[in-house]
Amino acid sequence: DVVMTQSPLSLPVTLGQPASISCRSSQSLVYSDGNTYLTWFQQRPGQSPRRLIYKVSNRDSGVPDRFSGSGSGTDFTLKISRVEAEDVGVYYCMQGTRWPPTFGGGTKVEIK
Amino acid sequence: EVELVESGGGLVQPGGSLRLSCAASGFTFSNRWMSWVRQAPGKGLGWVANIKQDGSDNSYVDSVKGRFTISRDNAKNSLYLQMNSLRVEDTAVYYCATGGGLRGGEFEIWGQGTMVTVSS
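Residues numbered from 1 in each chain as written. Chains lettered and ligands numbered in written order. Predicted model: local features only at pLDDT ≥ 70, side-chain atom pairs only at ≥ 80, totals over all residues. Heavy atoms only, no water.

Draft legend 1. Broad picture of the pairing of strand E1 (residues 4-7) of chain A. Residues and elements named next belong to chain A. Burial along E1 is one-sided: the residues Met4 and Gln6 are buried and none of Thr5 and Ser7 is. Across four bridges, E1 lies against strand E3 (residues 19-25) in antiparallel orientation. In the strand pairing of E3, Ser7 is matched with Ser22. (Buried < 20%, exposed > 50% of the residue type's maximum accessible area, 1.4 Å probe, protein only. Helix = DSSP H or I, 4+ residues; strand = E, 2+ residues; numbered from the N terminus. Pairing = 2+ DSSP bridges.)

Spelled out as structure tokens, the structure:
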């Protein structure tokens, strides 16, 4: 199985400041069709997960543009340009290139 | 409004059975692969099983193979997970989600989840 490793585990951030979460996969996530199926989810406290970004950098409808995804191959990053209070929660990356789909362990974003 | 609503969770003894349901609305259910994803208390997310649009194909994570069965009824816009021979380690919130989890079907919509507790 593809192992997804996120860092840091915990990310204290000052409101209005940027935040960056790293996700690394144990194998390349480039599929034979040329796409890279790396997805980011946000899970706010007490809520279900919400998909933020798919195929590395495509934001879902309604997701604020302060969220951006980047990366290639085995190294990926989720950035929040200016953290707001509503961004508190756990962020997960997930690969959908190779069976079975696998998630990273999560990064907890909290306000300093 | 696009919505997934799970039900059927509860407390069950080890070795027991439970059937989860997921009611879909607001989208064409029969056009979508569907999945179950679980989250143990205080832990991360883990994909459990998926099923093709017409029910003709499905797959499972190794830890539930032979014990869990995913199914669907497109006439009722419903997804199911039959869980047999339950173990303590199956304790988790179970979410249904749109998509099979692979290559374009990465869990766009999630339900609110239903809690399954396996304990004596």
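Draft legend 2. Seen up close, the environment of Phe103 of chain A. On the secondary structure map, Phe103 of chain A appears in strand E10 (residues 102-103). Distance from Phe103 of chain A to Cys93 of chain A, taken between C-alpha atoms, is 5.7 Å for residues 10 residues apart in sequence. Once residues within four sequence positions are removed from consideration, Phe103 of chain A is found in contact with Met4, Phe41, Tyr92, Cys93 and Met94 of chain A together with Val37, Leu45, Gly46, Trp47, Phe107 and Trp110 of chain B. (Contact = heavy atoms within 4.5 Å.)

Draft legend 3. Quick look at the sheet that holds strand E7 (residues 68-73) of chain B. Residues and elements named next belong to chain B. With respect to topology, four strands assemble into an open sheet ordered E1-E3-E8-E7, the strand pairing being antiparallel. Of all strands in the sheet, those bounded by a partner on one side alone are strand E1 (3-7) and E7. Neighbour to neighbour, the strand axes of the sheet diverge by 15° on average, direction disregarded. Sheet topology note: the E7/strand E8 (residues 78-83) ladder contains six bridges and is antiparallel. When the sheet's bridge partners are listed, Ser71 is paired in E8 with Tyr80. (Axes fitted to C-alpha atoms, helices over the stretch in contact; angles between N-to-C directions.)

Draft legend 4. Representation of the sheet that holds strand E10 (residues 114-118) of chain B in the model. Residue and element names in this part refer to chain B. Judged by pairing direction, the sheet is mixed, and its six strands sit side by side in the order E2-E10-E9-E4-E5-E6 without closing on themselves. Two strands bound the open sheet, and with one partner strand each, they are strand E2 (10-12) and strand E6 (58-60). Mean inter-strand twist for the sheet, computed between neighbouring axes without regard to direction, equals 25°. Where E2 lies against E10, three bridges are found, and the strand directions are parallel. Bridge pairing links Val12 to Val118 in E10.

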